[in-house]
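Observations on chain architecture
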Amino acid sequence: MECTQTHSLYFSLHSSPPIPLFCKTNQFSRIKASAKSPPKPSKKPSKFRHRRSPPQTPFSEEDAFPSSLPLHTKNPHAIYKDIQAFARQNKLKEALAILDYVDQQGIPVNPTTFSSLIAACIRLKSLTDGRQIHAHIRTNGLESNEFLRTKLTHMYTSCGSIEDAQRVFDECTSQNVYSWNALLRGTVIWGKKRYLDVLSTYSEMRSLGVKLNVYTFSTVLKSFAGASAFRQGLKAHALLIKNGLVDSSMLRTGLIDLYFKCGKIKLACRVFDEIPERDIVLWGAMIAGFAHNRMQREALHYVRWMITEGIYPNSVILTTILPVIGEVWARKLGQEVHAYVVKTKNYSKQLVIQSGLVDMYCKCGDMDSGRRVFYCSKERNVISWTALMSGYVSNGRLDQALRSVVWMQQEGFRPDVVTVATILPVCAELRALNHGKEIHAYAVKNCFFPNVSIVTSLMIMYSKCGVLDYSFKLFNGLEARSVISWTAMIESYIESGCLHEATSVFRSMQLSKHRPDSVAMARMLNVCSELRDVKFGKEIHGQVLKKDFESIPFVSAETIKMYGSCGLISTAKLVFDAVPVKGSMTWTSIIEAYGCNDLYEDAISLFHQMISDGFAPNHFTFKVVLSICRQAGFIDKACQIFSAMTRKYKLKASEEHYRIIIELLNTFGRFEEAERFMRMSSLSS
């Protein structure tokens, strides 16, 4: 059975890509043509050979116009409409074929047609086609057209060719605000990496006295938000007030987005509160901002508030709140949203929303509803398949997640980068080395490298499968290393039990241009806990304080555990007390620290204090507390805590929870109770 499954996965991952649709069409056209026309006489072999050699065939009307379209030889405006229709459908190959034909026929093309072609290049990020269209603009004598120059500037910046954009911009006779905006807008599309270019252009506009308009500030605010440039954002906000543009709804939405992305929640809320009439875009910006900052409760509160104001969610807001609902396990609310989607028939047909519903139900642990939404959907795509796989992973159904890779390909969908990044951790957990190698080969064949997510997932997968050499080769093969790849190499050594080597990699990372982030610091604190290396642990703690990482829950939790593992319980308590905002993670870490030092009564007291202070224990907290009870021999307390977990906190006990309490009961001779828990364990599984 295993051999069969392996073969099917191998075949699916290494199968040749499907023949493109246009190849099939051409083949069909040739067959159809040969069926209709009689065979050529044998006495004209030269003509037959001439037809079979494409380079010698002159460019004809049939090459430009498909048989399904009428030939508009005497109506240029109809030809323009055909070109514009292909451009709107992003079919640049067909549009350029017609453009070549009309150019040879000497038919002029109007600026509107070129504008639609440039817009298609921007959408497709096709620099090659863009340059070809620019050449056609020159041959049509429209290079001095300011409207097209502005469009070309935008196109070149959008496609990443800043030099070409600057050249077109410099050739403009009148550098007005529109051409400046085009230069800005295209640069912003490239995001954080081009932030300094945007800032430079924006500063030059101001120094030259260009009158900035709403669209200028909208573009600039988007760039500042992407780069989290808070100070520049504040200056832009002040300039908006000074220029009397702050009342623009579009700019206020941009300011809200900026402040949220800079982590300034109060400022974003203040901007929102100052707006008397709020449209759905403003509400959407607030909801997305709270979701971005992982403030799920606030996001859902604003959704309810928006509905009370008589504004109902659109498709954008629905795709924003569905992941939020999944993260807080609000299944009932998710069902309400699902009912709204079904009621609003347009939304129920959108694949993005269908995928969001699948993801939401799976995150809420309702795999049956997630599968029902998926299989009842009339259409499916790679995104919906990936959402289902992710759901299988989050619900522990790893084998089904792996099989889904085959199933999606049987439906004709090829895994993309996100799918591969989702399935590689599954191979790591299942120690499915052969499947992992097949997916690695598929990623290489489809040019998914050097995607950081895939490379790091492969490194960890190989280390978990016991092939650390492959992880090391992948790491050394990276042309440009990042903090993520360094951390993945550290993680690979930790997974292989090579803790001292992980420490060496961390030292090398410190000497490189990349500085450890909060995740790398937390992993190294865990290594110090395992090695009982308090000296190195204190060194990392110093770096944590220097970089203001101590307020990050998982970093403070690892720091507390490190001191607890090294026997410095008083220092662990000091670190715990210094944490400004405590959560379940920090409480669990101090309880575990007391348990490591045999202070069992104090650990249980801290657990009760955690509950009295209003913090809800999670699965991991109960695992730690039950382990302490087992070590201390607190049988009755363990039974009470187990009962509270399942009844009061409605948490489903895992196999590990059952194993701990069964071991405890067997150790102290309470076999009947142990047998009862064994039966409960088998029923729950």
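Worth saying up front: this structure is predicted, and the values here are computed from it rather than measured.

1. Focus: the packing of aromatic side chains
- According to the stated counting rule, one finds 24 aromatic pairs in the structure shown.
- Note on Tyr202 and Phe224: the rings are 6.1 Å apart at their centroids and 80° apart in plane angle, and the pair reads as edge-to-face. Here Tyr202, found in helix α12 (residues 195-207), pairs with Phe224, found in helix α13 (residues 214-226); they are 22 residues apart in sequence, far enough to count as distant.
- When its relative accessible area of 5% is taken as the criterion, Tyr202 is described as buried.
- Note on Phe576 and Trp587: the rings are 5.0 Å apart at their centroids and 70° apart in plane angle, and the pair reads as edge-to-face. With Phe576 in helix α35 (residues 569-578) and Trp587 in helix α36 (residues 584-596), this pair connects stretches of sequence that are eleven residues apart. Trp587 matches Phe576 in its accessibility class, with the two residues each being buried.

2. Quick word on the packing of α13 against helix α15 (residues 249-261)
- For the pair α13 and α15, the least separation of the axes is 9 Å and the interaxial angle reads 10°. One finds that α13 runs roughly parallel with respect to α15. Seen from α13, the contacting residues are Val214, Tyr215, Phe217, Ser218, Leu221, Phe224 and Ala225; seen from α15, they are Met250, Leu251, Gly254, Leu255, Asp257, Leu258 and Lys261.
- Here the residues of the contact of α13 with α15 are counted per class, giving ten nonpolar, two polar and two charged.

3. Structural notes on the packing of helix α16 (residues 265-273) against helix α17 (residues 280-292)
- Contact geometry for α16 and α17: axes closest at 11 Å, N-to-C directions at 165°. Of the possible angle classes, the one that applies to α16 and α17 is roughly antiparallel. Both α16 and α17 take part in a crossing whose hand is left-handed. Here Ile265, Ala268, Cys269 and Phe272 of α16 lie close against α17, whose contacting residues are Leu282, Trp283, Met286 and Phe290.
- Of the residues assigned to the contact of α16 with α17, the class counts are eight nonpolar, no polar and no charged.

4. Quick notes on the state of the cysteines
- Applying the stated rule across the entire model yields zero disulfides.
- With no disulfide of its own, Cys528 lies 7.3 Å from the sulfur of Cys566, the closest cysteine sulfur.
- Looking at Cys528, the relative accessible area reads 0%, which means it is buried.

What counts, and at which threshold
- Residues numbered from 1 in each chain as written.
- Predicted model: local features only at pLDDT ≥ 70, side-chain atom pairs only at ≥ 80, totals over all residues.
- Heavy atoms only, no water.
- Phe/Tyr/Trp six-rings, centres within 6.5 Å; stacked < 30°, edge-to-face > 60°.
- Helix = DSSP H or I, 4+ residues; strand = E, 2+ residues; numbered from the N terminus.
- Buried < 20%, exposed > 50% of the residue type's maximum accessible area, 1.4 Å probe, protein only.
- Axes fitted to C-alpha atoms, helices over the stretch in contact; angles between N-to-C directions.
- Parallel < 35°, antiparallel > 145°, perpendicular 65-115°, else oblique.
- Contact = heavy atoms within 4.5 Å.
- Nonpolar A, V, L, I, M, F, W, Y, C, P; charged D, E, K, R; others polar.
- Left-handed = near helix turned anticlockwise from the far one by under 90°.
- Disulfide = S-S within 2.5 Å.

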